[in-house]
Amino acid sequence: MSVLNQKSVLDMIKDFRRNWHTLCDSERTTVCGADSMLLTLQLSMAENNKQHCGEFTVSLSDVLLTWKYLLHEKLNLPVENMGMIDHYEDIRRTYDAFLKNNNMLDLIDVYKKCSVVASNCETNANISPSQLQDFLSGRQYAIDDETDLYVPTSSMSKHNQDNEKVKLLAKKIIYSYLNLLVNSKNDLALARILNIPDRGLGREAFTNLKHAAREKQMSLFLMATSFIRTLELGGKGYAPSPSDPLRTHVKGLHNFINFTDKLHEILGETSNPSIAGSRILSVIKMLLIKGHNSRDPFYKAVEEVAQDLDLRIKNIISSQQGDVAVCTTDISPARPKSYAINHGTAYCGRDTVKTLLVLLDEEAARAPTKNKAELLYDDENTSHHNGTSILTLFRRCKFICWKTNNWNKFWKCSSGQK
């Protein structure tokens, strides 16, 4: 059986977009790629462990064991004789609820939904559950793992690896800003960028925001926006209580919301999606490189990623100007408001949102990261930029690594952080 490649996965997502109005409630629903699926599972397991054991932590071995089981179970593949962690049903419910509340679908959800309208999703008929399982689990890396483990690392290759890591970090940050711009319910994106650059919004601020959002059944972004808007416009009668924990973080939250307002203004006021995309990327770039030396690796990485994404946006727009232009959404201006792609944005921003969705879909179709330990537990080296990703504060831990039979295995993770 042939190995599933990125193009096949992307074609499946395109099929989903063409039929979105019958498959989901919002066209702004974003697709959760393989890496984001694994990260969501990790957070769901940590949340479950906190409820049962009191600690927001989970070992890498447990995550990988549950990941393997989840893929088989969701794809209706055999699970007999497979190890299953305790409280799997609770973890699965937390995982599904997280995706729903964040207005996201993972790649398996997209695959299943396309199967419902298989007559319209031609690509989906060419993908088998086992192929998708192999793609998501990174089976294509199996041979490479055995041959590359003991290749000596030269100083030059180490330098190149470090530069690639910095570039990947810059890419994650910029993509998170774009993701939140398209899908304001994406708490995963918000957690990564809330304090990048440094806004003084650390663990305590995020925890207070999370509790307030849960109490009012809002997304984190909507909660932060509502709080700041109430302070700015509500008057004394509507102002938050002086004892509101979020008052301690007013400056940082105002800084964050004010910046996202700038992005939304560009989105709503610039009718040309190519120009709008360039301006959005430019504003994000200037935010991230402020205070950095032009010779700083992070400075160079941000410039390079922004330039690359700008080019990709222009290529997407060029491809949509032909016959495939109608394939991304099939919405006409005459549709009722419930079908609108952006309830809170001016009509002229719709084409830009659709373009950004294609960009995000391309990223979601990428093959999973090879090094799972680095993906899930890396601290993302805050020395490269100002601020700290909230995700690293809640998942940072130490693990033991050793080599056995030409495989890197990571089995133990311990953390007392909540």
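Right, let's walk through the structure included here. (Residues numbered from 1 in each chain as written. Predicted model: local features only at pLDDT ≥ 70, side-chain atom pairs only at ≥ 80, totals over all residues. Heavy atoms only, no water.)

**A word on the overall build of the protein chain**
Helix and strand content of the protein chain: 18 helices and 4 strands. When burial is assessed residue by residue, the protein chain has 49% of its 418 residues classed as buried. Taking all contacts inside the protein chain whose residues are at least 6 apart in sequence as the whole, residues at least 24 apart take part in 70%. Carbon and sulfur atoms form 50% of the exposed surface of the protein chain, whose accessible area is close to 20700 Å². (Helix = DSSP H or I, 4+ residues; strand = E, 2+ residues; numbered from the N terminus. Buried < 20%, exposed > 50% of the residue type's maximum accessible area, 1.4 Å probe, protein only. Contact = heavy atoms within 4.5 Å. Areas by Shrake-Rupley, 256 points an atom, 1.4 Å probe, with all protein chains shown as cover.)

**Quick look at the environment of His264**
Summarising the element assignment, His264 is placed in helix H13 (residues 250–269). Measuring from C-alpha to C-alpha, the distance between His264 and Leu181 comes to 7.2 Å, with 83 residues separating the pair along the chain. At a separation of 2.9 Å, a polar atom in the side chain of His264 contacts the main-chain carbonyl oxygen of Thr260. (Polar contact = N/O pair within 3.5 Å; in protein donor to acceptor, adjacent residues only side chain to side chain.)

**Concerning the packing of helix H12 (residues 220–233) against H13**
Any two packed helices are characterised by how steeply their axes cross, that is the angle between the axes, and by the distance between the axes. One can describe the packing of H12 onto H13 by two numbers: an axis separation of 10 Å at closest approach and a directional angle of 105°. Taken together, the axes of H12 and H13 are roughly perpendicular relative to one another. In contact with Phe221, Ala224, Thr225, Phe227, Ile228, Arg229, Leu231 and Glu232 of H12, H13 contributes Val250, Leu253, His254, Phe256, Ile257, Thr260, Asp261 and His264. Considering only residue class, the contact of H12 with H13 consists of 9 nonpolar, 4 polar and 3 charged. (Axes fitted to C-alpha atoms, helices over the stretch in contact; angles between N-to-C directions. Parallel < 35°, antiparallel > 145°, perpendicular 65-115°, else oblique. Nonpolar A, V, L, I, M, F, W, Y, C, P; charged D, E, K, R; others polar.)

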